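# Fold and contact review
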Amino acid sequence: MTDRACTKCGHRNSDDARFCSSCGESLALEEVTTDHVAIDLDGSGVSIDRSAFGTHEGLFVVLHGPKAGARYALDSDVVTVGRHPNSAIFLDDISVSRRHAEVQRLGSRYVVRDVGSLNGTYIERKRVDEHELADGEVLQIGRFKLVFVHGTGTN
């Protein structure tokens, strides 16, 4: 039997569950049909098609948290992350500061910076103030875990 993540809280539920056993959210399936050449991210069940974005473009995929499976393109020079509604990546949870972090694109490289958050910004479970992202690294902000995917597959 397989399982699937709740879109609200990220809790893994059995595939035949109709409601999340953690938060009670409906687990109704949406009928979506796509045809992609995709790779699985660390056996998480979340897959991404690298051919869908450019060779030097970056992307975050939410692995854990209320928005599990969501994808965020890093398509501007500075992408803000936080609980403020005007953040480019809006993470609505009390564990996230209003202005938590930013990701700066420097050519084909991406650098994440903590911008004075209360709970910190983590890469691979280590607290960082500033860090150059590498393909496959996991960024944790509050309860959210986002994997960085680089179009080239390398950095």
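Structure: see above.
Computed from a predicted structure; not experimentally measured.

Let's shift gears to the nonpolar core. Residues Phe60, Leu74, Ile89, Leu91, Val103 and Leu133 are the most contacted members of the largest nonpolar core, which totals 21 residues. Broken down by secondary-structure element, the contributors of at least two residues to this core are strand S5 (58–64), strand S6 (71–74), strand S7 (78–82), strand S9 (101–106), strand S10 (109–114), strand S14 (138–141) and strand S15 (144–150). Here this core gets 3 residues from one element, more than from any other, and that element is S15. Apart from residues lying up to four places away in sequence, Val103 is in contact with Phe60, Leu74, Asp77, Val78, Val79, Tyr110, Val111, Val112 and Leu133.

Now for the sheet that holds S7. Strand order in the open sheet made by the 5 strands is S8-S7-S9-S10-S13, with mixed pairing throughout. The sheet is open, and its two edges are formed by strand S8 (89–90) and strand S13 (130–132), each paired on a single side. Taken together, the 6 bridges between S9 and S10 define a ladder with antiparallel strand orientation. Opposite Glu102, over in S10, you have Arg113 as the bridge partner.

The subject of this paragraph is the sheet that holds S6. Taken together, 6 strands build an open sheet; the order of strands is S6-S5-S15-S14-S11-S12 and the sheet is antiparallel. In this open sheet, the two strands that pair with only one neighbour each are S6 and strand S12 (126–128). Averaged over all adjacent pairs, the angle separating strand axes in this sheet is 35°, with direction ignored. Bridging between S14 and S15 involves 4 bridges; their strand directions are antiparallel. When the sheet's bridge partners are listed, Val138 is paired in S15 with Val147.

Turning to the pattern of salt bridges, a few remarks are in order. As enumerated under the stated definition, the model contains 4 salt bridges in all. The salt bridge partner of Arg105 is Asp77, with a shortest N-O separation of 3.1 Å. A residue pair is termed long-range when its members are at least 10 positions apart, and Arg105 in strand S9 and Asp77 in the loop between S6 and S7 qualify at 28 residues. In this structure, Arg109 and Glu132 form a salt bridge, with 2.9 Å as the shortest nitrogen-oxygen distance. Of the two residues, Arg109 sits in strand S10 while Glu132 sits in strand S13, which places them 23 residues apart along the sequence.

This part is about the packing of aromatic side chains. Applying the stated criterion across every chain, the model contains 2 aromatic pairs. Here Phe60 and Phe148 contribute two aromatic rings whose centre-to-centre distance is 6.0 Å and whose plane-to-plane angle is 65°, an arrangement assigned as edge-to-face. Taken as a pair, Phe60 in strand S5 and Phe148 in strand S15 lie far apart in primary sequence, 88 residues in all. Phe148 matches Phe60 in its accessibility class, with the two residues each being buried.

What counts and how
- Residues numbered from 1 in each chain as written.
- Predicted model: local features only at pLDDT ≥ 70, side-chain atom pairs only at ≥ 80, totals over all residues.
- Heavy atoms only, no water.
- Core = buried A, V, L, I, M, F, W, Y, C linked by side-chain atoms within 4.5 Å.
- Buried < 20%, exposed > 50% of the residue type's maximum accessible area, 1.4 Å probe, protein only.
- Helix = DSSP H or I, 4+ residues; strand = E, 2+ residues; numbered from the N terminus.
- Contact = heavy atoms within 4.5 Å.
- Pairing = 2+ DSSP bridges.
- Axes fitted to C-alpha atoms, helices over the stretch in contact; angles between N-to-C directions.
- Salt bridge = Lys/Arg side-chain N within 4 Å of Asp/Glu carboxyl O.
- Phe/Tyr/Trp six-rings, centres within 6.5 Å; stacked < 30°, edge-to-face > 60°.

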